[in-house]
Structures are given as structure tokens and as C-alpha cells.
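# Commentary on secondary and tertiary structure
This is what each chain is made of:
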Amino acid sequence: MKLAIVDDNKLEQELIFNTLRTYEHERNISLDISSYSDGNSFLNTFVPGDFDLIFMDIYLNELNGIDIVRKIRQMDSKVMIVFLTTSKEYIFEAAPFHFFDYILKPFVSTQIFHVLDDALALLPEQEAELSFEYRSFDVHFPLSKIQYIYSNNHEVIIHTTNGTHAFRLPFYSVTDHLDDSRFLQCNRGIMLNMDYIKTMESDYFEMTDSKCFPIKTKGRKQIREQYIKYQFLKLEEA
């Protein structure tokens, strides 16, 4: 979900931002968040379709939030608007612009969480992602694009349909975020996306790119059964 925060109060802007990051972590989803400290800078860069939802303060130094949303609605009728303000007095003035919610400050995190839950329910389902932090950056990989992940010389190698990516991290720090039935850990430091397994032999898997990964001896029967079960489930869903 792509979100914008428009608020000229730095502390309140950070409070909203941190609340969104908490939601992102608790729901295990990816949020793309942009912050703006004044209405003009937001409008100057606004492109219809860029955002799914905008958190808009009403009391801004230059253009107020109502005026900004009036201009937004001339360009984008679909983006969801959530007004965040210290007063109820603008609620009737804001009504013609079909706002998604109107939240009074100071807000509590559950109010923001409810808004995001409702907004997500209305948006097309997001593709599941593997998300983790690396050197102060948020890293995201669509699960459907990941073919396999393995550990090599203190690096985690993530091989995708778009190429190979290396991160100097412990294996578990990446794969602990991976809770999806299509992924199978066949050995220590090796995680495979079963959608990209070409064949299963007695003691290894061959991937669609011909790379082979050994199946560990301990628990081999259960690993092979997990793969077979997954393939049967896929056939039933087809």
C-alpha cells in the first residue's frame, strides 16, 4: 500500500510514520510511505494513482488540508483521504470530498490500525513479500519471484527470477520472516521455493535453472513428503 503523510508538525509527522511502521511490522506487510511538510510540495509532486491513501492534516501553514484535497479531487477521485486534525469544525466542509475517515488528534494507534485494515480490505490483494532491514534500508522481494535462498561464506544469497542478490546477514535473520507454505528448508542454510523445483531425487532437489540442492539425511523422509503434499495441493487447486 502506498501512503502519504502531509503534516507540517515534525513531531506529529514522525508519530504517524512510526505508527505506520508498527502496523507494517505487526501485519507483516509492506507499506511505501512518503512524508511532506507542506501542501505545496505535496501538490507539486502529486501524480494521480501514486497513492492509495493520504493522511492529511487540516491546519497547515500555507494551504490548509481542505484546499489541498479540493485540488487532489480534481485530479484523482479514487485515492482515500484520512483527515487528521485537532478540531471537528471542518468535518462538514470536508464531507463533499468523500473522505475515508476523520480522526481527531491526539489519536491512538488503534484508530490508525482500523483505518488501514479497512483500506486494505478495499484494495486489490497485495502480493506477499519477503521483507527485512539491511544497512538501514527496507528490502522487499515478492515471494513469487524468489526461487531459492541459501547461505554461503557468511552471506545470504537470494536467487530470484530477476537475478541474484547477496546480503551479509545470518541466514535465520532473513528466513525467519518467511512464513509461506511454498517454501521448504531442505538442509541447513537452504530454503527452496517449491514452485521452482523441477525434480526430486532420492537425496537432492533439482531446480528449474538446473541448480541442485542436497536433502539432509535427518528428516529426509518428512522433507520429501512435504514436497509431495505441496504438489498434490497444487493439483487440487488447479
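Residues numbered from 1 in each chain as written. Predicted model: local features only at pLDDT ≥ 70, side-chain atom pairs only at ≥ 80, totals over all residues. Heavy atoms only, no water.

### Considering helix H7 (residues 220-237)
An α-helix turns once every 3.6 residues. As a result, residues three or four positions apart point the same way. For the record, the criterion: We count a stretch as a helix when DSSP gives it H or I for four or more residues in a row; a strand needs E for two or more, and each element gets its number in order from the N terminus. Multiply 1.5 Å by the residue count of a helix minus one, and that product is the helix's expected span. Throughout, exposure labels follow a simple rule: accessible area from a 1.4 Å probe, protein chains only, divided by the maximum for the residue type, with under 20% read as buried, over 50% as exposed, and the rest as partly exposed. Of all possible arcs, the one meant is that of the directions from the helix axis to the C-beta atoms.
With 18 residues, H7 extends 26 Å between its outermost C-alpha atoms, agreeing within 8% with the 26 Å of an ideal straight helix rising 1.5 Å per residue. Looking only at H7, the buried set comprises Ile223, Tyr227 and Tyr230. Each buried residue of H7 lies within a common arc of 60 degrees when the element is viewed along its axis, so the set occupies one face. Residues of H7 that are exposed and point more than 90 degrees away from the buried face comprise Lys221, Lys229, Phe232, Leu235 and Glu236.

### Looking at helix H3 (residues 65-75)
To keep things clear, this is the line we draw: Here a polar contact means two N or O atoms within 3.5 Å. Within protein one must be a hydrogen donor candidate and the other an acceptor candidate, and residues neighboring in sequence count only if both atoms are side-chain atoms.
Turning to H3, its buried residues are Gly65, Ile66, Ile68, Val69, Ile72 and Arg73. Seen along its axis, H3 keeps its buried residues to an arc of 155 degrees; they face one direction. The distance from a side-chain oxygen at the start of H3 to the backbone nitrogen of Ile66 is 2.9 Å, and the residue carrying that oxygen is Asn64.

### As for the domain arrangement of the protein
Convention followed: Here the limits of each domain have been adopted from an automatic or database domain assignment.
Its domain assignment divides the protein into domain 1 (2-122) and domain 2 (129-237). Spacing between the C-alpha centres of domain 1 and domain 2 amounts to 38 Å.

### Some details on the packing of helix H1 (residues 10-27) against helix H5 (residues 109-122)
For clarity, the cut-off: As a rule, the C-alpha atoms of each element are fitted with a line to give its axis, helices using only the stretch in contact, and angles between N-to-C directions run from 0 to 180 degrees. Here is the rule for angles: anything less than 35 degrees is roughly parallel, anything more than 145 is roughly antiparallel, 65 through 115 is roughly perpendicular, and the remaining ranges are oblique. Crossing handedness: left-handed means the near helix sits turned counterclockwise from the far one by under a right angle, and right-handed means the same turn made clockwise. What makes two residues a contact is simply this: any of their non-hydrogen atoms within 4.5 Å.
One can describe the packing of H1 onto H5 by two numbers: an axis separation of 10 Å at closest approach and a directional angle of 60 degrees. The angle between H1 and H5 places the two elements in the oblique class. The interaxial crossing formed by H1 with H5 has right-handed handedness. Residue-level contacts link Thr19, Leu20, Thr22, Tyr23, Glu26 and Arg27 of H1 to Ser109, Ile112, Phe113, Leu116, Asp117 and Leu120 of H5.

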